[in-house]
Amino acid sequence: MSEQPVQDPTDPLAEPAPNGWRGALMRMGPRRAVVAITLLSIVLSVSITLAAGLARDPVELAWIDLTIAVTVPSIVAPLAASMIVTLMHEVEVSRRALRELALRDDLTRLYNRRYFMARLQAEVARAHREQTPLAVCMIDVDHFKRINDERGHAAGDAVLAHLAGVLLGSLRPYDLAARCGGEEFAALLPGATLREAEQAAQRLRQAIAAARVPAFGATPLPHVTASLGVSGLGPGEDGSALLTRADRAMYAAKTGGRNRCVSLPAAVVRDPQILGDTQAT
Ligand SMILES: Nc1nc2c(ncn2[C@@H]2O[C@H](COP(=O)(O)OP(=O)(O)OP(=O)(O)O)[C@@H](O)[C@H]2O)c(=O)[nH]1
């Protein structure tokens, strides 16, 4: 299963690119960085040797001084430079690995709830600023406990991992898929109107119901279905209100019989009869 990329220009948790000398070396790449550090140290040591020699007496500046000033750095500097560059590379790799651990769900490799919430806030702010639509879809696998009970927890895990692939396969590249916990997933759909999000949710529901989860053990795993709740961002609304509405819609889909999508438009949010006013598809 392919992963959604971590480097996203709208990523609110993206770390700033290193600047200063560290940034310059990183941008150069390892080989050029070693050459650059070597040249710099040769130029520096030759300049210091010349300056020291000239300060004393030009005649005293023996060729041997210059030879040493060139030879020593050209041997020592590449070694030191490769150590520095290797160390920087290792720090960068560890930093990325830590970031992956912090932001991704281990089982499905989707983003986790923490990342989803941060992106939700950022996308809500952007949608209000640019006056563009934004929708959220909550997806909860139906009767998932049965799979665990009947086929074991590992089989349940296999189903979740497979569904993550189905989710990524049915979303647009700039949508964001996350596992919010347990058997619950979420999708953030920037630029999607409620109508478009409903259509996306329907496609997703059908894809989940049609998915053939690879056999786990002797017998194939059962088909699964999911209940989906969709909501679209209302004027002045914040991320948690949008999410709460998508959650309510998802529970309405559950109580309405499962394997269905329910959407809740923003205007309905303050209506006490909220579940009565949902639109099931
Ligand atoms: N295999 C596996 N099971 C999990 C994981 N996280 C949560 N679960 C299980 O998911 C099940 C969720 O069960 P319920 O909340 O009762 O929901 P459900 O059976 O899907 O029923 P409905 O949502 O009402 O359709 C529980 O049995 C949890 O133990 C996980 O990472 N792996």
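Residues numbered from 1 in each chain as written. Predicted model: local features only at pLDDT ≥ 70, side-chain atom pairs only at ≥ 80, totals over all residues. Heavy atoms only, no water.

An unreviewed UniProt entry annotates the protein as diguanylate cyclase of Rubrivivax albus. Check the Catalytic activity (unreviewed entry) section of the UniProt entry for the protein; it says "2 GTP = 3',3'-c-di-GMP + 2 diphosphate". (UniProt positions renumbered as here; feature names shortened; annotations may be inferred.)

Ranked by size, the top nonpolar core spans 35 residues in total, and within it Ile139, Val159, Leu167, Phe185, Leu189, Ile208 and Leu228 carry the most contacts. At the level of secondary structure, the elements contributing two or more residues to this core comprise strand E2 (134–141), helix H5 (144–151), helix H6 (153–170), strand E4 (184–190), helix H7 (194–210) and strand E5 (226–232). Top contributing element to this core by residue count: H6, with eight residues. The next biggest cluster of nonpolar side chains, apart from the first, holds 20 residues, and it includes Leu103, Leu120, Leu134 and Leu242. (Core = buried A, V, L, I, M, F, W, Y, C linked by side-chain atoms within 4.5 Å. Buried < 20%, exposed > 50% of the residue type's maximum accessible area, 1.4 Å probe, protein only. Helix = DSSP H or I, 4+ residues; strand = E, 2+ residues; numbered from the N terminus.)

For the pair H5 and H6, interaxial distance at closest approach is 6 Å and the crossing angle is 140°. Between H5 and H6, the angle falls in the class oblique. On H6, the residues that touch Phe144, Ile147, Asn148 and Arg151 of H5 are His153, Ala155, Gly156, Val159 and Leu160. Classifying every residue of the contact of H5 with H6 by side-chain character gives five nonpolar, three polar and one charged. (Axes fitted to C-alpha atoms, helices over the stretch in contact; angles between N-to-C directions. Parallel < 35°, antiparallel > 145°, perpendicular 65-115°, else oblique. Contact = heavy atoms within 4.5 Å. Nonpolar A, V, L, I, M, F, W, Y, C, P; charged D, E, K, R; others polar.)

A separate point is the state of the cysteines. For the structure on display, the rule yields zero disulfides. Not part of a disulfide, Cys137 finds its nearest cysteine sulfur in Cys261, a span of 6.6 Å. For Cys137, a relative accessible area of 3% puts it in the buried group. On the accessibility criterion, Cys261 (2% relative accessible area) is buried. (Disulfide = S-S within 2.5 Å.)

With that out of the way, let us pick up the packing of aromatic side chains. Evaluated as defined, the whole model comprises one aromatic pair. Ring geometry for Tyr111 and Tyr115: centres 3.9 Å apart, planes at 20°, overall stacked. Classification of Tyr111 as buried rests on a relative accessible area of 2%. Here Tyr115 falls in the buried class, since its relative accessible area comes to 0%. (Phe/Tyr/Trp six-rings, centres within 6.5 Å; stacked < 30°, edge-to-face > 60°.)

The environment of the ligand is formed by 16 residues, the closest being His143, Phe144, Asn148, Asp157 and Arg179. Protein contact buries 67% of the 660 Å² of open area that the ligand shows by itself. For the shell around the ligand, the secondary structure elements donating two or more residues are E2, H5 and H6. The element best represented in the shell around the ligand is H6, accounting for four residues. Residue classes in the shell around the ligand are distributed as three nonpolar, five polar and eight charged. (Near = heavy atom within 4 Å. Areas by Shrake-Rupley, 256 points an atom, 1.4 Å probe, with all protein chains shown as cover.)

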